[in-house]
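Chains, contacts and geometry: an overview
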Amino acid sequence: MNTSQPQAFRLVVTGGGTGGHTYPALTATRALQERVSAGGGTLDVLWIGTADGLEARVAPAEGIAFATVATGKIRRSSNPLRMVSPANVRDMARVPLGVAQARKIIADFRPDVVLATGGYVAVPAGLAARMCRVPLVLHEQTVRLGLANRKLAGSATRIAVSSESTLPLLPETVRSAAVVTGNPVRPEVLTGHADEAITALGLSGFDRRLPTLYVTGGAQGAQQINDVVRDALPWLLERANVVHQCGPANVEALRSSAAGLPPNLAARYYLTGFVGPELPDVLALADVVVSRSGAGTLAELTALGKPAVFVPLASSAGNEQAHNARHLEEAGAAVALTGDVTAARLREALGPLLADPARRAGMAEAARAHGRPDAADRLVDVILAAAVG
């Protein structure tokens, strides 16, 4: 730890709305806590968020003080006239109120640094940091800067990005403030054991001579992914064991559709609504992953070096998931399935990977080359450096 760092380090965290913004902030905060404690200091953290965002549940559960400010969601459109909608005008009018609220919170708390990880709430808090002359560190999870970070880039002391390919996309005026840290990954994700997944989930019917495919659409599942996997399931089970995390609301329908499988194939299919604490072990067991391509997922899979077939969420902000997936596909680290995704296209993408261990190994190596398992520590370095100028 930097010897000039004060014994009591004060951090304001802002960002959230979704897990993609919230969990990197939380992981970085935990890493900063460890670093400060190891140096004999204490860390005081205040999280500025929204009352209805994920951060409103996550921060208090971690014992982090939480404050809310007014903010507005800007509904984007390729048609400029639609941007001036009544809802957008109403929400834009809330931003100055949010800035005033955030300015008072920051002035009272007197942080050493403000860390902003994106989401609409980051804008008022980030602007308030500049007004209060507090160093502002931005963290961007995706290949291209999100809307909030684009608005704040000119006010930032440092801009931490997750990929080298982001640097040339930054405005020249702020490029000198950028540093590549990677996207913080929860450390527990990197500690899984395949055999423990077999035991914990009771996967006694799995054939360990076959590769294991992990399918996930996120906590709520993804109908698009569930449908193509359902349609390709007999073909998949001839070639692999399958762990399918489908979302709690989708279990019964998928279980019914799988009821006619031959017993030997059915034994290789594990269907679950949600994967909880056993996720690190499931990821350790997986030879190939089928998933969305959000920034957090990419960070975890590349840190682990997992071959992946990505089915990007078409409605993601700025089409960021498609950009993420194509970025890794171009590096030979994944396959991106965009547009109309069918069972036939899924079979075409997975067939060579499931059949060829050498191809999987090559893709795993390419993925690992893009992974940054030390991203949280790198981001902590940036935060501490910003504090001391």
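Below is a short write-up of the structure. Computed from a prediction, not measured in an experiment: that's the story for all the values here. (Residues numbered from 1 in each chain as written. Predicted model: local features only at pLDDT ≥ 70, side-chain atom pairs only at ≥ 80, totals over all residues. Heavy atoms only, no water.)

A closer look at the sheet that holds strand 4 (residues 113-116)
Note the threshold: DSSP-based pairing: two strands are paired if at least 2 bridges between them are found. Secondary structure elements are taken from DSSP: a helix is a run of H or I of four residues or more, a strand is a run of E of two residues or more, and numbering for both begins at the N terminus. Every angle, taken between N-to-C directions, lies between 0 and 180 degrees, and every axis is a line fitted to C-alpha atoms, over only the stretch in contact when it is a helix. What makes two residues a contact is simply this: any of their non-hydrogen atoms within 4.5 Å.
Ordered by their spatial adjacency, seven strands build an open sheet running 3-2-1-4-5-6-7, and the pairing between neighbours is parallel. Either end of the sheet is taken by a strand with one partner, and the two such strands are strand 3 (65-68) and strand 7 (178-180). Sheet twist, expressed as the average angle between the axes of neighbouring strands with direction ignored, equals 25°. Two strands pair when backbone bridges link them, and strand 2 (residues 42-49) and strand 3 are joined in this way by four bridges, in the parallel orientation. Pairing of tryptophan 47 across the sheet is with phenylalanine 66, part of strand 3. Along the sheet face, helix 1 (residues 19-38) touches strand 1 (8-14), strand 2 and strand 4 and points at about 165° away from the line of strand 2.

A few points about helix 13 (residues 295-304)
What counts, and what does not: We call a residue buried when its accessible area falls under 20% of the maximum for its residue type, exposed when it is over 50%, and partly exposed in between, using a 1.4 Å probe and counting protein chains only.
Across the ten residues of helix 13, eight count as buried, placing the element largely inside the fold. When we look at burial in helix 13, the residues that qualify are Ala295, Leu298, Ala299, Glu300, Leu301, Thr302, Ala303 and Leu304. On the buried face of helix 13, the contacting elements are helix 12 (279-285), strand 11 (288-291), strand 12 (308-310), helix 14 (320-330) and helix 16 (357-370). Of the residues flanking the end of helix 13, it is glycine 305, one or two places downstream, whose phi is positive at about 70°.

Some words on the packing of helix 1 against helix 17 (residues 375-387)
Our working rule: By the definition adopted for this analysis, an angle is roughly parallel if under 35 degrees, roughly antiparallel if over 145, roughly perpendicular if from 65 to 115, and oblique otherwise. With the far helix as reference, a near helix turned anticlockwise by less than a right angle produces a left-handed crossing, and one turned clockwise produces a right-handed crossing. Classification convention: Asp, Glu, Lys, Arg as charged; Ala, Val, Leu, Ile, Met, Phe, Trp, Tyr, Cys, Pro as nonpolar; all other residues, Gly among them, as polar.
For the pair helix 1 and helix 17, interaxial distance at closest approach is 9 Å and the crossing angle is 70°. The pairing of helix 1 with helix 17 is recorded here as roughly perpendicular in orientation. Here helix 1 and helix 17 pass one another in a crossing that is right-handed. Of the residues in helix 17, those touching helix 1 at Thr27, Ala28, Ala31, Leu32 and Arg35 are Ala376, Asp377, Leu379, Val380, Asp381, Ile383 and Leu384. Considered class by class, the residues forming the contact of helix 1 with helix 17 number eight nonpolar, one polar and three charged.

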